[in-house]
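One letter stands for each residue in the lines below.
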Amino acid sequence: MRIAICEDNEKDTRRLVQMIGVDHSCELYTSGEKLILDMEELSLRFDLYLLDIFLEDDENGIHLAGTIRSMDEEALICFVSTSDDFYRQAYDLYVFQYLIKPVEQQDMDRLLQRAEHQIKKNKGRAVIFERYGKPYAIPYQKLLYIASRGHNLLYKCKDGSEYSSGGKLNEIAEALDPGIFFRCHQSFIVNMYNVDDMQQNIFLCGGEEIPISRPYYQQAKERYRRALFEEFD
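The rules behind each value
- Residues numbered from 1 in each chain as written.
- Predicted model: local features only at pLDDT ≥ 70, side-chain atom pairs only at ≥ 80, totals over all residues.
- Heavy atoms only, no water.
- Buried < 20%, exposed > 50% of the residue type's maximum accessible area, 1.4 Å probe, protein only.
- Helix = DSSP H or I, 4+ residues; strand = E, 2+ residues; numbered from the N terminus.
- Arc of directions from axis to C-beta.
- Polar contact = N/O pair within 3.5 Å; in protein donor to acceptor, adjacent residues only side chain to side chain.
- Pairing = 2+ DSSP bridges.
- Axes fitted to C-alpha atoms, helices over the stretch in contact; angles between N-to-C directions.
- Parallel < 35°, antiparallel > 145°, perpendicular 65-115°, else oblique.
- Contact = heavy atoms within 4.5 Å.
- Core = buried A, V, L, I, M, F, W, Y, C linked by side-chain atoms within 4.5 Å.

Structural notes on helix α1 (residues 10-20)
Structural remark: α-helix, 3.6 residues per turn; residues separated by three or four positions point the same way.
Line of reasoning, step 1. Considered for burial, the residues of α1 that qualify are T13, L16, M19 and I20. Each buried residue of α1 sits inside an arc of 135° when the element is viewed along its axis, so together they form one side. Exposed and oriented more than 90 degrees from the buried face of α1 are E10, K11 and Q18.
Line of reasoning, step 2. N-capping of α1 is provided by N9, with a side-chain oxygen placed 3.0 Å from the backbone N of K11.
Line of reasoning, step 3. Directly beyond the C-terminal end of α1, a positive phi value near 85° is found at G21.

Description of the sheet that holds strand β14 (residues 202-205)
Line of reasoning, step 1. Spatially, the three strands line up as an open sheet ordered β13-β14-β15, and their pairing is antiparallel. A strand with exactly one partner marks an edge of an open sheet, and here the two such strands are β13 (197-199) and β15 (208-211). Taken pair by pair, the neighbouring strands of this sheet meet at an average axis angle of 30°, ignoring direction.
Line of reasoning, step 2. As paired strands, β13 and β14 are joined by three bridges and run antiparallel to one another.

Re the packing of helix α2 (residues 32-41) against helix α3 (residues 61-71)
Line of reasoning, step 1. Closest axis-to-axis distance for the α2/α3 pair is 10 Å, and the angle between their directions is 5°. Between α2 and α3, the angle is such that the two are roughly parallel. Counting all contacts with α2, which are made through G32, L35, I36, M39 and E40, the residues of α3 involved are L64, T67, I68 and M71.

A few points about the nonpolar core
Line of reasoning, step 1. Formed by 24 residues in total, the largest nonpolar core has its most connected members in L35, Y49, L51, L64, I68, I77 and F79.
Line of reasoning, step 2. Mapped by element, the contributors of at least two residues to this core are β1 (2-6), α2, β3 (48-52), α3 and β4 (76-81).

Description of the sheet that holds strand β8 (residues 143-149)
Line of reasoning, step 1. Judged by pairing direction, the sheet is antiparallel, and its five strands sit side by side in the order β10-β9-β8-β12-β11 without closing on themselves. Sheet topology places β10 (162-166) and β11 (181-185) at the edges, where each strand pairs with a single neighbour. Averaged over all pairs of adjacent strands, the angle between their axes in this sheet comes to 20°, without regard to strand direction.
Line of reasoning, step 2. Direction of pairing for β11 relative to strand β12 (residues 188-191): antiparallel, over a ladder of four bridges. Bridge pairing in β12 places H185 opposite F188.

Side note on the environment of R226
Line of reasoning, step 1. Mapped onto the secondary structure, R226 falls in helix α7 (residues 217-228).
Line of reasoning, step 2. Of the residues examined, R226 reaches a relative accessible area of 41% and is grouped as partly exposed.
Line of reasoning, step 3. Between the C-alpha atom of R226 and that of M192, which follows or precedes it by 34 residues, the distance is 9.2 Å.

This is the structure we're talking about:
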């Protein structure tokens, strides 16, 4: 993986690089401004962004993450901080993980393993359907859920965009990877890796409440638990 580390504490930077090891390439930044400049002028993109929240320049980690997200909507962003006061903002920015300093080796190993798995799982995979008589594809990682609306299907994406097509939910369900997508209701299929939270009989996806029908409830709890605490081979 290509990893960008934005950290203005030299000691913390060295520790992160040491824990990441030689199997991945790291680009080091001491300011968010320089990272954004490279993304804009050199079109650089990284598989994983490790961002300190408290930076000495004007570009704090929260604002930096928002800028990165606007330029690279599929970015895997991890905050590295001495404080856990920013979980709410991290949630809103779809931050991949949140590590508290001092970061332990086992935490870094799990982060790298999760990131590799996410990249491999989503690479080149897409939901394909017909739109205006032509085939259209939405990458798995972009899709929040698919909803049945009468004789049409609604595809809702993480960036807020929506697409519709004719078809039946049963038919599209057969074409999806059952390890990623889960039918939680007669009218909804969700991407379990884009579910933000499960509360009683609903999934929260991108700020929306997706109902979970009673027949699916026990399996929904298990699938949500697996998505959170997945064990990797």
